[in-house]
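Okay, here's what each chain looks like letter by letter:
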Amino acid sequence: MKKIEIVQNILQANESIAGQNKRLLDKHKVFAINIMSSAGAGKTSLILQTIARLKDKLNTGVIEGDVASTLDAEKVKDEATAVVQVTTRYMPENCTLIANNVSYALKNLPLEDIDLLIIENVGNLICPSEFVLGEHRRVVISSLPEGDDKPIKYPMIFADADAVVINKIDFLPYVDFDIASFQKTLRGLNPEVKIFQVSCKTGEGIEEWCSWLRGEIKASRSLVK
Amino acid sequence: MHEFGVTENIVTIALDKAREAQASKIVKINLVIGELSGFVPECIKFYFDFLSKDSITEGASLNFEVAPAKFRCRDCSAVFNPQSAPWVCPQCQSQSVEITGGRELYVKSMEVE
């Protein structure tokens, strides 16, 4: 019997495909965000609001990740420049998008016509935190009816986020959501994170979120020649 | 669940390293899995039995070493293993803490014949 020392990251294959995705996006000057949240927090609603605000100046492509159905793709198809649906139901990884799903979807998107790519991940706060896709920014949505303890229960996804959008802020009078406590826990795990308070229903706060996104796209373009 | 692809990667890594070492049989694979990672050892074992069939990994045992969650306080630099959420520094009670360990997932070593 012989012992072989190895020490090799098992997620390296995913990370390497994510790297290829990012190089392809950079080549076409496409800025990509990965939107993650639990089911029902408002990923599709935020995407629709975002496209509506940006569409005069920017063309947006969307990758819709869902366990089943094309409902979300149907909702965004009239607003977005292009939509690709990834249904994960029959895939070995059905609880999250992985870099390989995005690599496939990118082949079916007109990258030369797109400025912004929004990847809507599968509704889940655990599994997507393990897989990078090739995105430029990671965005997590947390909505008021879910409660303010989500960064405590799911620290990894919040620790890696570039931005956290607190959605359904119009529910504040009706739910026990302590915004200060949520922000304190979140900043404890992730001091650099951008935090937005929005309502996709009333439109409150959406402009601030979109303005940050415009700034990030602009900054990235000056980096990628 | 998302352990299928991960298990495929484990089999690929094991076969590559066994070939390099000119081994004819893989007896044991030692894996390190972080306490905070979302991967379930039982699921990996289940897929491994299926994916290792008809190869020199068939019948190999998987040994999981759990890497503990490790946090570092951003205020006083204390390193600690949190017992439960919320994550608070036991020395200065600060809630500004960085996750420094517990997210690992790697093949550490193998025993081959």
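Residues numbered from 1 in each chain as written. Chains lettered and ligands numbered in written order. Predicted model: local features only at pLDDT ≥ 70, side-chain atom pairs only at ≥ 80, totals over all residues.

Draft legend 1. Broad picture of unusual backbone geometry. Positioned with a positive phi, lysine 29 of chain A is a non-glycine residue whose angle comes to about 55°. Note on placement: lysine 29 of chain A falls in the loop between helix H1 (12-27) and strand S2 (31-36). Classification of lysine 29 of chain A by C-beta neighbours within 10 Å gives partly exposed; the count is 15. Positioned with a positive phi, glutamine 22 of chain B is a non-glycine residue whose angle comes to about 50°. Along the chain, glutamine 22 of chain B turns up in the loop between helix H1 (3-20) and strand S1 (26-34). (Helix = DSSP H or I, 4+ residues; strand = E, 2+ residues; numbered from the N terminus. Buried ≥ 20, exposed ≤ 12 C-beta atoms within 10 Å, placed from the backbone.)

Draft legend 2. Region of the structure containing helix H7 (residues 179-189) of chain A. Those residues of H7 of chain A that sit buried are Phe182, Thr185, Leu186, Gly188 and Leu189 of chain A. Buried residues of H7 of chain A, viewed axially, fall in a sector of 160°; they line one side. In the core, the buried residues of H7 of chain A are packed alongside helix H5 (150-153), helix H6 (155-159), strand S7 (163-167) and strand S8 (194-197) of chain A together with strand S5 (97-101) of chain B. (Arc of directions from axis to C-beta. Contact = placed C-beta atoms within 7 Å.)

Draft legend 3. Expanded view of the environment of glutamate 208 of chain A. Residues and elements named next belong to chain A. Along the chain, glutamate 208 turns up in helix H8 (residues 206-223). Owing to 13 C-beta atoms within 10 Å, glutamate 208 belongs among the partly exposed residues under this scheme. Taking the C-alpha atoms as reference, glutamate 208 lies 17 Å from isoleucine 33; in sequence the two are 175 residues apart.

Draft legend 4. Geometry of the environment of methionine 110 of chain B. Turning to its location among the elements, methionine 110 of chain B is positioned in strand S6 (residues 105-112). Counting along the chain gives 25 residues from methionine 110 of chain B to alanine 85 of chain B, while the straight-line C-alpha distance between them is 35 Å.

Draft legend 5. Broad picture of the sheet that holds strand S1 (residues 2-9) of chain A. Strands sit in the order S1(A)-S6(B)-S1(B)-S2(B) across an open sheet of four strands; the sheet is mixed. At either end of the open sheet lies a strand with only one pairing partner, and these are S1 of chain A together with strand S2 (61-67) of chain B. Strand-to-strand twist of the sheet, defined as the mean angle between neighbouring strand axes without regard to direction, takes the value 20°. Inspection of the sheet shows S1 of chain A paired to S6 of chain B by six bridges, in the antiparallel sense. Bridging from a neighbouring strand, isoleucine 4 of chain A pairs with methionine 110 of chain B of S6 of chain B. The strands that H1 of chain B touches are S1 of chain A together with S1 and S6 of chain B; relative to S6 of chain B, the one it contacts most, it runs at about 40°. (Pairing = 2+ DSSP bridges. Axes fitted to C-alpha atoms, helices over the stretch in contact; angles between N-to-C directions.)

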